[in-house]
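Listed here are the chains, written in short residue letters.
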Amino acid sequence: MPSMKRSVKLADVARAAGVSQGTASNVFAKPELVRPEVRERVEKVARALGYHGPDPKGRLLRAGKVNAIGVVVMDDLSYFFQDPFSREFMCGVAEICDARGAGIALVSAVDRDRAAWGIDSALVDGFIIQCLEDGDRLIDLARRRGLPFVAVDVDPGPDASAILIDDRGGARQAAEHLLALGHRRFGILSLEIHADGHAGLVEGARRSASLYGPTRHRLEGYGEALRAAGVDFDRVPIVEVANDQGGATAGAVTLFDAAPDVTAV
């Protein structure tokens, strides 16, 4: 039965080149400290033995810092590049990481098992958890990993940092602005309310039971302002759309077919 080939270690290179392991290590980590003729001899031996340098994972783990941030989202990896908001979000993260000389690791949580593996094994110093659903589970995974994290669009509780927006208050102000302009016939184009692929007019209990906190809070904010002005919010048409150009276009057509007298959206 053939034996498995043993991996070549730095100690093997040092022994074959006739130098100490410290000198061999400096050849790869601090070459300016090694005389050129010694450096060339060690590099030649390393090539002959098939040694390609120290394992960077081991060096980073020994240092206790990898100088990278993990960004976790609840969609597949293509979401980072396809979704308009996600692209803007990642540009902001990348700008700061560039300024600090740090890297970024993308972690998809669309699959529960893969999410757990990604958070448990990612070589990062901390996480940004950007999620609109299942955020509590991802936060629990990050806590279990023991690395610092910042949650976005989900409240992790008083013991962790979060970036939250007053979606209800912002939506209320938007509706109040349109009311102040004299509008009374409203329609709403809404982001996804549930993760079931539905697009079109929203009826019944679906209107107030959004899986996604920001969407639910925005609808509540619109409703507060319109009801206060005497507008029957239950009769305001709400159209659920996908977050892309095609979805928005189709949603607008549906809205104006259903309520052609709408003056404010």
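Residues numbered from 1 in each chain as written. Predicted model: local features only at pLDDT ≥ 70, side-chain atom pairs only at ≥ 80, totals over all residues. Heavy atoms only, no water.

Undergrad: Quick question: what am I supposed to make of the pairing of strand 1 (residues 68-73) here?
TA: Each regular strand carries side chains that alternate between the two faces of the sheet. Burial runs high along strand 1: 5 of the 6 residues are buried. In this structure, strand 1 lies alongside strand 2 (residues 103-108), joined through 6 bridges in parallel fashion. Among the inter-strand pairings, Val 73 is bridged to a residue of strand 2, identified as Ser 108. The pairing of strand 1 with strand 3 (residues 126-130) spans 5 bridges and is classified as parallel. In the strand pairing of strand 3, Ile 69 is matched with Gly 126. (Buried < 20%, exposed > 50% of the residue type's maximum accessible area, 1.4 Å probe, protein only. Helix = DSSP H or I, 4+ residues; strand = E, 2+ residues; numbered from the N terminus. Pairing = 2+ DSSP bridges.)

Undergrad: Can you walk me through the confidence of the model for the protein chain in this structure?
TA: Note that predicted coordinates carrying low pLDDT should not be read in detail. In the predicted model, the protein chain carries a mean pLDDT of 87, and the fraction of residues at 70 or more is 93%. Across the protein chain, the element-wise mean pLDDT spans from 61 in helix 4 (residues 56-63) up to 97 in helix 9 (residues 167-180). (pLDDT = per-residue confidence, 0-100.)

Undergrad: Even after reading the chapter, I still don't get helix 10 (residues 213-228), so can you show me in this structure?
TA: Side chains three or four residues apart in an α-helix point the same way, a direct result of the helix having 3.6 residues per turn. In a regular helix each residue adds 1.5 Å, so 16 residues correspond to 22 Å; helix 10 covers 22 Å between its end C-alpha atoms and thus fits that length. Residues of helix 10 that are buried: Gly 213, Pro 214, Thr 215, Leu 219, Gly 221, Gly 223, Ala 225 and Leu 226. Where the residues of helix 10 are buried, they touch helix 9, strand 6 (188-190) and strand 8 (238-240). Backbone geometry just after helix 10 places Gly 230 at a positive phi near 85°. (Expected span 1.5 Å × (residues − 1). Contact = heavy atoms within 4.5 Å.)

Undergrad: Honestly, the packing of helix 1 (residues 10-17) against helix 3 (residues 36-49) in this entry has me stumped. Any pointers?
TA: To characterise two packed helices, one gives the angle between the axes of the helices and the distance between these axes. As a packed pair, helix 1 and helix 3 sit with axes 9 Å apart at the nearest point and diverge in direction by 120°. One way to sum up the angle between helix 1 and helix 3 is to call them oblique. Here helix 1 and helix 3 pass one another in a crossing that is right-handed. Side by side, helix 1 and helix 3 meet where Asp 12, Val 13, Ala 16 and Ala 17 of the first sit next to Arg 41, Val 42, Val 45, Ala 46 and Leu 49 of the second. (Axes fitted to C-alpha atoms, helices over the stretch in contact; angles between N-to-C directions. Parallel < 35°, antiparallel > 145°, perpendicular 65-115°, else oblique. Left-handed = near helix turned anticlockwise from the far one by under 90°.)

Undergrad: Explanation requested: the packing of aromatic side chains in the structure shown.
TA: One pass over the full model with this rule turns up 2 aromatic pairs. Residues Phe 28 and Tyr 51 carry aromatic rings whose centres are separated by 5.3 Å and whose planes lie at 75° to one another, so their mutual orientation is edge-to-face. Pair noted here: Phe 28 is in helix 2 (residues 21-29) and Tyr 51 is in the loop between helix 3 and helix 4, with a separation of 23 residues, a long-range link. Where Phe 85 meets Phe 89, the ring centres are 6.0 Å apart and the plane angle is 35°; that geometry is what we call tilted. Separated by 4 residues within a single helix, Phe 85 and Phe 89 lie in helix 6 (residues 84-100), roughly one turn from each other. What makes Phe 85 partly exposed here is its relative accessible area of 41%. For Phe 89, a relative accessible area of 18% gives the class buried. (Phe/Tyr/Trp six-rings, centres within 6.5 Å; stacked < 30°, edge-to-face > 60°.)

Undergrad: Would you mind showing me how to read the nonpolar core here?
TA: Ranked by internal contacts, the top residues of the largest apolar core, which has 21 residues, are Val 72, Ile 119, Phe 127, Ile 129 and Leu 138. In terms of residue count, helix 8 (residues 135-145) provides more of this core than any other element does, 4 residues in total. Apart from the residues within four sequence positions on either side, Val 72 is in contact with Val 107, Ala 109, Ile 119, Phe 127, Ile 128, Ile 129, Gln 130 and Leu 138. (Core = buried A, V, L, I, M, F, W, Y, C linked by side-chain atoms within 4.5 Å.)

Undergrad: What am I meant to see in the sheet that holds strand 5 (residues 161-163) here?
TA: Each strand in a sheet pairs with another by means of backbone hydrogen bonds, the pair being arranged parallel or else antiparallel. Strands sit in the order 2-1-3-4-5 across an open sheet of 5 strands; the sheet is parallel. Whereas interior strands pair on both sides, the edge strands pair on one side only; in this sheet they are strand 2 and strand 5. Across this sheet, the average inter-strand angle for adjacent strands is 20°, counted without regard to direction. Judged from the 3 bridges that link them, strand 4 (residues 149-152) and strand 5 form a sheet pairing that is parallel. Along strand 5, the bridge assignment pairs Ala 151 with Ala 162. Strand contacts of helix 7 (residues 112-121): strand 1, strand 2 and strand 3, with the helix running at about 155° to strand 2, the strand carrying the most contacts. Together, strand 1, strand 3 and strand 4 form the strand contacts of helix 8, whose direction differs from that of strand 3 by roughly 175°.

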